[in-house]
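# Results of the structural survey
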Amino acid sequence: MDSTMMNGGDLNSKAGVGGGVEDVYGEDFATEDQLITPWTVSVASGYSLLRDPRHNKGLAFNENERDAHYLRGLLPPAIMNQELQEKRLMHNLRQYKVPLQRYIAMMDLQERNERLFYKLLIDNVEELLPVVYTPTVGEACQKYGSIFRRPQGLYISLKEKGKILEVLKNWPERNIQVIVVTDGERILGLGDLGCQGMGIPVGKLSLYTALGGLRPSACLPITIDVGTNNEQLLNDEFYIGLRQKRATGQEYAELLHELMTAVKQNYGEKVLIQFEDFANHNAFELLSKYSSTHLVFNDDIQGTASVVLAGILSALRLLGGKLADQTFLFLGAGEAGTGIAELIALEMSKQTKAPIEETRKKIWLVDSKGLIVSSRRESLQHFKKPWAHEHEPVKSLLDAVKAIKPTMLIGTSGVGRTFTKEVVEAMASFNEKPVIFALSNPTSQSECTAEEAYTWSEGRAIFASGSPFDPVEYNGKVYVPGQGNNAYIFPGFGLGLIISGAIRVRDEMLLAASEALAAQVTQENFDKGLIYPPFSNIRKISAHIAAKVAAKAYELGLASRLPRPSHLVSYAESCMYSPIYRSYR
């Protein structure tokens, strides 16, 4: 068991750092006024310092620093503080009309000046989140081969089989707290993008730092390349991955197992491994296989479930009534749909003390073949079987809505425009305030738009989507759609696991995260029709989520960082990385 001091470091290490990683440079104990030396072996010359993204400050180097670090003549004479640099960059970003150009500009900044990148993202999170994450990151992955500049993570392909531990040692950082890994098979709603799926782990980890306060040096993006079944990519001369069909079965399982073993061997028991955008069959199997031996989390199954449950708990404060009074209908029975359904059933079971087998009966799912019913049980994949209830077969979503009469309709199908006018009107016909969540990403795959939901329900819908939609004016009233974005949950969830030194993830922690997020929605937010709090407060929200998740880890006996801090919210805040420039000797 570790002992810790306030800044999250070990008592026996040279210095503590946010989240428990050794602070090599003493940065986290330095105030803005204290001087630090940004290297440990030798003094960097000005030229190399300007090309080190972690320590480069551009025009913000002051006169003394320019003398001390051989920067004279390498910079124009003007001195520009971080606030002015931020203002200039936001002005430049807003000139770009094409979102992908903004994405490229942000990635260039991250490779040039890390602290300024995170300062920009934290201070302008609502404007820049759609740039570095959904929906723009989807287009970036599709075109990753063309816009590829510099590797931002580790690429582990079938060529590295048998050598994965050596490959991990090639990464310059030793103290890794969180790894986001994808195999690129199911990127957002865009399908198999192979090696070009790297944009997802890179984007997720930038949000771990900006929204959850993990140190950038503690984050490692990994893409597993086992080939791709995307013919367009295989024939693309700019494709950056293996030119072969996807490996499956034993070959795939062996590569993944070697990775999981090597990660634990190299980084220890408490490194968080987040699975991202794996196809359904692999996603469930990997989570099931490794959840008892590793600290693993699947954002598509568990993160999505947690953020949607939070939205449902918030919506109940607008609707009135209890969770157990609701009837749910899902379009889509993949990892997101079944993951959300299971977490709703767990929360309902927790509230009513009813067995989960009973609470599942309030939840119905529609897949590509229609309503999932007991007569289909034999042909169903294992993760769909708990949702096969007694009912006559129903083919279409509209007929299922009419038959089940749900109070809440949730879309996780990955297919755009499936919540038609007839479907929304049917929901509105037997619900005063129909709850409609169109969660598929990116925007083009959303089951319906915010405007459609509000218009077709005559302004009565409580709506949330996966990708952002602008406010909608209907009959003289402005409606602000909620965004059920996983970025509300996973950064704070990960921070909670890390500050507690958790060794395993449990469903109770996901419920705690959902309840913590729902509790952050204020009356002022509800008055605007919001069921999620604004992203402008996301660091505060993440600290509250982290505190609840950490508390649950301690309660379950899964926390290894002892003694438990007395004030978990302030402790979480104290562990967060700050992007403010440091002063150099």
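Basis of the calculations
Residues numbered from 1 in each chain as written. Predicted model: local features only at pLDDT ≥ 70, side-chain atom pairs only at ≥ 80, totals over all residues. Heavy atoms only, no water. Helix = DSSP H or I, 4+ residues; strand = E, 2+ residues; numbered from the N terminus. Rg over C-alpha atoms; globule rule 2.2 N^0.38 Å. Buried < 20%, exposed > 50% of the residue type's maximum accessible area, 1.4 Å probe, protein only. Contact = heavy atoms within 4.5 Å. Areas by Shrake-Rupley, 256 points an atom, 1.4 Å probe, with all protein chains shown as cover. Lys, Arg positive; Asp, Glu negative; His and termini not counted. Charge placed at Lys NZ, Arg CZ, Asp CG, Glu CD. pLDDT = per-residue confidence, 0-100. Pairing = 2+ DSSP bridges. Axes fitted to C-alpha atoms, helices over the stretch in contact; angles between N-to-C directions. Parallel < 35°, antiparallel > 145°, perpendicular 65-115°, else oblique. Right-handed = clockwise from strand over helix to strand, strands pointing away. Salt bridge = Lys/Arg side-chain N within 4 Å of Asp/Glu carboxyl O. Polar contact = N/O pair within 3.5 Å; in protein donor to acceptor, adjacent residues only side chain to side chain.

### What to know about the overall build of the chain
When helices and strands are counted, the chain shows 24 helices and 16 strands. In terms of overall size, the chain behaves like a compact globule, its C-alpha atoms giving a radius of gyration of 24 Å where 585 residues would be expected to give roughly 25 Å. Seen along its three principal axes, the alpha-carbon backbone of the chain occupies a region of about 80 × 60 × 55 Å. Within the chain, the proportion of its 585 residues that are buried is 61%. Intrachain contacts of the chain at a sequence separation of at least 6 include 70% that bridge at least 24 residues. Carbon and sulfur atoms form 50% of the exposed surface of the chain, whose accessible area is close to 23,200 Å². Across the chain, the 62 positively charged side chains and the 67 negatively charged ones have centroids separated by 1 Å.

### Thoughts on the environment of Leu233
Relative to the helices and strands, Leu233 is located in helix α11 (residues 231-234). If we skip the residues at most four places from it in the chain, Leu233 touches Asp192, Leu193, Gly194, Gln196, Thr228, Tyr239 and Arg243.

### Topic: the confidence of the model for the chain
Summary statistics for the chain give a mean pLDDT of 92 and a share of 93% for residues scoring 70 or more. Counting interchain partners and residues more than four positions distant, the pLDDT-below-50 stretch residues 1-21 has 70 contacts.

### Here we look at the sheet that holds strand β9 (residues 370-371)
With mixed pairing, seven strands are arranged side by side in an open sheet as β9-β8-β7-β10-β11-β12-β15. Across the chains shown, the open sheet's two edge strands, defined by having one partner strand only, are β9 and β15 (482-483). Note: strand β10 (residues 408-411) against strand β11 (residues 435-438), four bridges, orientation parallel. Note that in β11 the partner of Gly411 across the bridge is Ala438. Helix-sheet contacts for helix α15 (residues 335-352) involve β7 (328-331), β8 (363-367) and β10, and the interaxial angle to β7 is about 165°.

### What about the packing of α15 against helix α21 (residues 507-519)?
Two elements in contact, α15 and α21, have axes whose closest approach is 10 Å; the angle formed by their N-to-C orientations is 85°. Between α15 and α21, the interaxial angle falls into the category roughly perpendicular. Seen from α15, the contacting residues are Leu343, Leu346, Glu347 and Lys350; seen from α21, they are Asp507, Leu510, Leu511, Ser514 and Glu515.

### Observations concerning the pairing of strand β4 (residues 219-225)
Burial of β4 is extensive: seven of the seven residues sit out of reach of the surface. Two strands pair when backbone bridges link them, and strand β2 (residues 154-157) and β4 are joined in this way by four bridges, in the parallel orientation. Across the sheet, residue Leu154 finds its bridge partner in β4, namely Ile222. Traced from strand β3 (residues 178-182) through helix α10 (residues 199-212) to β4, the parallel crossover comes out right-handed.

### Section: the pattern of salt bridges
Throughout the structure, instances matching the rule amount to 29 salt bridges. A salt bridge links Arg149 to Asp108; its shortest N-O distance comes to 3.0 Å. Residue Arg149 is found in the loop between α8 (144-147) and β2, and its partner Asp108 is found in helix α4 (residues 99-112); the two are separated by 41 residues along the sequence. Two residues, Glu269 and Arg504, come together in a salt bridge whose shortest N-O distance is 2.9 Å. Separated by 235 residues along the polypeptide, Glu269 in the loop between α12 (249-267) and β5 (272-275) and Arg504 in the loop between α20 (490-500) and α21 bring together distant segments of the chain. Given the relative accessible area of 33%, Glu269 is considered partly exposed.

### Remarks on the pairing of strand β6 (residues 295-298)
Alternating residues of β6 divide into Leu295 and Phe297 and Val296 and Asn298, and every residue in both groups is buried. Relative to β6, β5 is paired through four bridges, and the arrangement is parallel. Each residue of the ladder has a partner; that of Leu272, found in β6, is Leu295. Once you follow β5 into helix α13 (residues 280-290) and on to β6, the crossover reads as right-handed.

### Concerning the side chain of His69
Take His69: it is sitting in the loop between α2 (63-68) and α3 (82-93). At 2.5 Å, the side chain of His69 and the backbone oxygen of Arg585 are in polar contact.

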